[in-house]
Amino acid sequence: MSVKPLQPELNRRRKEHLYRSRRVSEGPQGPELKMDGHPLLSFCSNDYLGLANHPDVVAAMQRGTEIYGVGSGSAHLVNGHSQAHHALEEELAAFTGRPRALLFSTGYMANQGVIAALAGRNDTLYQDRLNHASLIDGGLLSRARMKRFAHGDTAALQAQMASQERGEALVAVDGVFSMDGDLAPLRSLAALCRGRGAWLLVDDAHGLGVLGSEGRGSTDHFGLGLDDVPILMGALGKAFGTFGAFVAGSDELIETLIQQARSYIFTTALPPAVAEAARASLRLVRSEEWRREHLRELVKKFRSGAEQLGLSLMLSETPIQPIVAGSSVQALSWSRTLEAQGILVSAIRPPTVPEGGARLRVTLSANHSFQHLDRLLTALEQLKIQEVP
Ligand SMILES: *Cc1c(COP(=O)(O)O)cnc(C)c1O
């Protein structure tokens, strides 16, 4: 007996242009960074509001370490739940207009925890075909029957739900789809779920901070409250520029998660200083509307510029602006063409996106200037004349 060799699969991935490797960056997150020693202008971060290196957020984290040290010491249910965590939960609940919020160490874990706590073997979980991997993985862990419906298609979901015979129903969607940048049809989904007595979980990792009044996210954008979207998940590692995630909802929901969400119970609490940083960033998210205004301007200018170049964009009004390449080879070749001009945009390939849907995922940040955008558009001109090698 010997273990299965790993090299053949690695070779296959390389041959199919699916091999992934990491780049090493220097210094703080921001549009201008150094990767593997080269200065690059980056258009692929999820730091949409440009808060990851904001002086107020950095100072809050420093003060937090002075008060709390670094490690939280244990899980929330042992002795790791600090005043900083508790205050952040209360502020996030108030911000999202929900009775309670519960912090998780990551968004990946929040989705796993909430789905597995609410859905079990006899239940059915409905997921949009383009949902984030963490929602899919949460579904697998729950052992619920999983049905995936056509992207953004409430009628298709309704038809699937009509044939469910037993158990509870939980519908999960991204509020803003992470690789496409479009919004879920939350109004019709919420109406359907209310009518059928199904749970609706909205993962607003990419909407929170970016959409809605004071950055309250996609549910606020559509004017939906707790009764429409009983389970709201938000990530703090994207527009908030920090780390961690939360689930917001009713008191009953949060108490259930505290008792039953295994990814909440069996893991060390976030460092309290990170919670302090997130509190500072929440204040900026709410008060600095200019960040969202500037982002909207950048999106508008990017779209008109890229369309003039004849590039194929997706129907997105968010800072996620993919350029469709089709094949992985094409996406990689475009990414290299941009990098040769000092622009960093990563190629997104299957299985992160469907087969044939490889793309450049351009993302914009409030820290990009119009000059930065012009540099991107100038570099993109080179893509028109590029042929697939
Ligand atoms: C990033 C992301 C997550 C995971 O959040 P982390 O805090 O990075 O684990 C979940 N859902 C969506 C849609 C995301 O984009």
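Fair warning: this is a prediction, and the values are worked out from it, not measured in the lab.

Cut-offs applied
- Residues numbered from 1 in each chain as written.
- Predicted model: local features only at pLDDT ≥ 70, side-chain atom pairs only at ≥ 80, totals over all residues.
- Heavy atoms only, no water.
- Helix = DSSP H or I, 4+ residues; strand = E, 2+ residues; numbered from the N terminus.
- Rg over C-alpha atoms; globule rule 2.2 N^0.38 Å.
- Buried < 20%, exposed > 50% of the residue type's maximum accessible area, 1.4 Å probe, protein only.
- Phe/Tyr/Trp six-rings, centres within 6.5 Å; stacked < 30°, edge-to-face > 60°.
- Near = heavy atom within 4 Å.
- Polar contact = N/O pair within 3.5 Å; in protein donor to acceptor, adjacent residues only side chain to side chain.
- Areas by Shrake-Rupley, 256 points an atom, 1.4 Å probe, with all protein chains shown as cover.
- Nonpolar A, V, L, I, M, F, W, Y, C, P; charged D, E, K, R; others polar.
- Core = buried A, V, L, I, M, F, W, Y, C linked by side-chain atoms within 4.5 Å.
- Domains from an automatic or database assignment.
- Contact = heavy atoms within 4.5 Å.
- Buried area = accessible area lost by both parts, 1.4 Å probe.
- Salt bridge = Lys/Arg side-chain N within 4 Å of Asp/Glu carboxyl O.

What to know about the overall build of the chain
At step 1: The helix and strand inventory of the chain stands at 15 helices and 14 strands.
At step 2: A compact globule built from 389 residues would reach a C-alpha radius of gyration of about 21 Å, and the chain, at 21 Å, matches this within 12%.
At step 3: Taking the principal axes of the C-alpha coordinates as reference, the chain spans close to 60 × 55 × 55 Å.
At step 4: Burial statistics for the chain: of 389 residues in total, 54% are counted as buried.

Considerations on the packing of aromatic side chains
At step 1: Evaluated as defined, the whole model comprises two aromatic pairs.
At step 2: Arranged with centres 6.4 Å apart and planes meeting at 70°, the rings of Phe95 and Phe240 form a pair that is edge-to-face. Remark: Phe240 occurs in the loop between β9 (231–235) and β10 (245–249) and Phe95 occurs in helix α4 (residues 83–96); sequence separation between them is 145 residues.
At step 3: Phe240 sits in the buried class, given a relative accessible area of 0%.
At step 4: Taken together, a centroid distance of 5.5 Å and an interplanar angle of 65° make the contact between Phe104 and Tyr264 edge-to-face. Residue Phe104 is located in strand β4 (residues 100–104), and its partner Tyr264 is located in helix α11 (residues 262–265); the two are separated by 160 residues in the primary sequence.
At step 5: Taking relative accessible area as the criterion, Tyr264 reaches 5% and is therefore assigned buried.

Considerations on the site of the ligand
At step 1: For the ligand, the set of nearby residues contains 13 residues, the closest of which are Gly107, Tyr108, Asp203, His206 and Lys238.
At step 2: Gly107 places a main-chain nitrogen or oxygen 2.7 Å from an oxygen atom of the ligand.
At step 3: Relative to its unbound accessible area of 380 Å², the ligand is 83% covered by the protein chains.
At step 4: Ranked by residue count, the leading element in the shell around the ligand is helix α5 (residues 107–118), at three residues.
At step 5: Residue classes in the shell around the ligand are distributed as three nonpolar, seven polar and three charged.

Considering the nonpolar core
At step 1: One finds Leu92, Phe302, Ile323, Leu376 and Leu380 to be the most contacted residues of the largest nonpolar core, which totals 59 residues.
At step 2: The element contributing the most residues to this core is helix α12 (residues 272–287), with seven residues.
At step 3: Two domains each provide a minimum of three residues to this core, namely domain 1 (16–49 + 289–386) and domain 2 (55–287).
At step 4: In contact with Phe302, not counting residues within four places along its chain, are Leu313, Gln321, Ile323, Val362, Leu364, Leu373, Leu376, Leu377 and Leu380.
At step 5: In this structure, Ala110, Ala119, Leu201 and Ile231 belong to the second largest nonpolar core, which totals 25 residues.

Brief notes about the domain arrangement of the chain
At step 1: Per the domain assignment, the segments of the chain are domain 1 (16–49 + 289–386) and domain 2 (55–287).
At step 2: Placing the centre of domain 1 and that of domain 2 at their C-alpha centroids yields a distance of 27 Å.
At step 3: Between domain 1 and domain 2, the contact holds 20 residues from the first and 21 residues from the second.
At step 4: For the pairing of domain 1 and domain 2, the buried interface totals around 1,500 Å² over both sides, and the portion due to carbon and sulfur atoms is 59%.
At step 5: Summed over the three residues of domain 1 that lose the most area to domain 2, namely Leu49, Arg292 and Thr318, the buried surface amounts to 31% of that side.
At step 6: Between domain 1 and domain 2 we count one salt bridge in total.
At step 7: Of the charged contacts in the structure, one is a salt bridge between Asp180 and Arg359, with a shortest N-O distance of 2.9 Å.
At step 8: If you look at where domain 1 meets domain 2, you find nine residue pairs in polar contact (both at pLDDT 80 or more).

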